[in-house]
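Letter by letter, the chains look like this.
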Amino acid sequence: MEVLELARWQFGITTVYHFLMVPLTIGLSLLVAGMQTAWVRTGDERYYKMTKFWGKLLLINFAMGVVTGIVQEFQFGMAWSAYSRFVGDVFGAPLAMEGIVAFFVESTFLGLWIFGWDKLPKKVHLACAWAFSLATMASAYFILAANSWMQHPVGIVMDEGRPRLTSIWAVLTNNTVLAAFPHTIAGAFAVAAAFLVGIAAWHLHRKSEEERVWRGSLKLGTWVGVVAFAALSISGDLQGKLMFEQQPMKMAAAEALCHTEQPASFSVFAVGDVRRPDCENVKSITVPALLSFLAHNDFDTEVKGIEELVPLYQERYGEFYPVDERLGELSGQPIDYVPSLPVTYWGFRFMIGFGAVSAGLGVFMLWLTRKNRTPTGWWFPALGLAGIATPFLANSFGWIFTEMGRQPFVVVPNPSGVDGVWMFTAQAVSNSTAGEVLTSLIALTAVYSVLAVVEFYLIRKYVRGGIPGVLPQKSDDGALAFAY
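Residues numbered from 1 in each chain as written. Predicted model: local features only at pLDDT ≥ 70, side-chain atom pairs only at ≥ 80, totals over all residues. Heavy atoms only, no water.

### Comments concerning the domain arrangement of the protein
Then, number 1: Domain assignment breaks the protein into domain 1 (3-247 + 339-465) and domain 2 (249-316).
Then, number 2: In this structure, domain 1 and domain 2 have C-alpha centres spaced 30 Å apart.
Then, number 3: Each side of the interface is counted separately: domain 1 has 22 residues, and domain 2 has 27 residues.
Then, number 4: Surface buried jointly by domain 1 and domain 2 totals about 2000 Å² across both partners, of which 68% is contributed by carbon and sulfur atoms.
Then, number 5: When the buried area of domain 1 at its contact with domain 2 is split by residue, Phe 244, Leu 341 and Tyr 345 rank highest and sum to 34% of it.
Then, number 6: Where domain 1 packs against domain 2, one counts 1 salt bridge.
Then, number 7: Counting across the domain 1 and domain 2 interface gives 13 residue pairs in polar contact (both at pLDDT 80 or more).
Then, number 8: At the level of elements, helix H7 (211-246), helix H11 (341-368) and helix H12 (379-404) are the ones that each hand at least two residues to the side of domain 1 that touches domain 2.
Then, number 9: It is H11 that contributes the most residues to the side of domain 1 that touches domain 2, 7 residues altogether.
Then, number 10: The residue makeup of the side of domain 1 that touches domain 2, split by class, is 12 nonpolar, 6 polar and 4 charged. (Domains from an automatic or database assignment. Contact = heavy atoms within 4.5 Å. Buried area = accessible area lost by both parts, 1.4 Å probe. Salt bridge = Lys/Arg side-chain N within 4 Å of Asp/Glu carboxyl O. Polar contact = N/O pair within 3.5 Å; in protein donor to acceptor, adjacent residues only side chain to side chain. Helix = DSSP H or I, 4+ residues; strand = E, 2+ residues; numbered from the N terminus. Nonpolar A, V, L, I, M, F, W, Y, C, P; charged D, E, K, R; others polar.)

### Things to note about empty space enclosed by the protein
Then, number 1: Scanning all chains against the criterion turns up 2 cavities of 30 Å³ or more.
Then, number 2: Reported here for the largest cavity is a volume of approximately 130 Å³.
Then, number 3: If you trace the largest cavity, you find 18 residues lining it, with Ala 194, Val 197, Ser 358, Leu 361 and Gly 362 closest to the centre.
Then, number 4: Residues belonging to the lining of the largest cavity are distributed by class as follows: 9 nonpolar, 9 polar and no charged.
Then, number 5: Approximately 30 Å³ is the volume attributed to the second largest cavity.
Then, number 6: Ser 29, Val 32, Ala 33, Leu 58, Trp 113, Ala 129 and Phe 132 together form the lining of the second largest cavity.
Then, number 7: Among the secondary structure elements, those contributing two or more residues to the lining of the second largest cavity are helix H1 (3-42) and helix H4 (122-151). (1 Å grid on protein atoms, 1.4 Å probe; cavity = no way out; pocket = protein on both sides within 12 Å on 5 of 7 lines; lining within 4 Å. Points joined across faces, edges and corners; volume = space filled by probe spheres on them.)

Listed below in structure tokens is the structure:
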């Protein structure tokens, strides 16, 4: 296997694994802060117990997220050093902001929240919870700003063959990140909501003590999940319109749209071999003119197909890779501007499909538990627990589509930006041997597998332990000893 292929597998495996933790941390931190706020304002013991239980699971997930996230930035120097040299002047700024500002605040106030239960005044302790949760959002924003610059370079000039930052404000207000951020946060709420619903449904089925805690958690999760799906739909529509303007090949690949259409139909489902960019023997179930609306808010916009886009890309960015021994087998070869169509086409549909299933399950669970009912069948907790996976899958497929859809670029050219600001993925890898990258790939995959077992064990332990497993000891008279 080539170094490029191994490096891509390594980054893909570690990043998708890490991103399993990220949305749950973001969404759950904000919900836990809301639970604690309800307790401080009302004094209702139910909200205190909810805060302690869900907060414990949040801490486990956050710890694993930190451990797995550190590897991501090391990989830029280990496996993608050529990329780091090319974008370092730009990429370093938002990453530094994430580390110095967001993560510093996040970790500091999380520590105060963990150890300050019996030491800080209620409102000060609550402020720590909100500072931590809002810092997680700020952290996500800076990371997304860096990623969005890769998707749509702005705020730079070319200086000796490298982009040089001229406006950090342009990077932070890139219209790509302004659309990606609410979409990502809504996805995080969807993940946290399904997490609440699944675990609460399991406890309700077991007729655990503290029914008010579990019923309240389930209702909170279902309503948050429905609202999150609505926000995902709106922000996703905005992202689609930006994709049409900024990355037309990704738009065409998402639909396996081989030929230009006006108006363009949206493919709901395809039967046949979508790997072929000529679309021979592919039959699709389509919604007429819907793709035109998603692209430009009208039902008559022309959407260019793959076969028409390839010559345009070849004219703008070249037909052949440079002759360079670091490119391996791709040196001097024709550039394939068509992303992997099965990945982009089905990834886009799995993203939407699992998101819709998650929202539908939330509504169904809300209906099942109306008027304080609890279904007695085994399928009720099974449905809730299975539903936890759906928004995780939607998020993962969404990111796979986003990153795979921009291939063969690691930095995508801005059609209206500075000429020459792009980089092919094949040019971005380090000057390493295949054996070195394969060794790190195997080692990281093995370590992450162990961490997955540890996380599952800890989450399972505290979920099964329920409320008693996370509360302080009771006082001598049997009353609950609050942490204040």
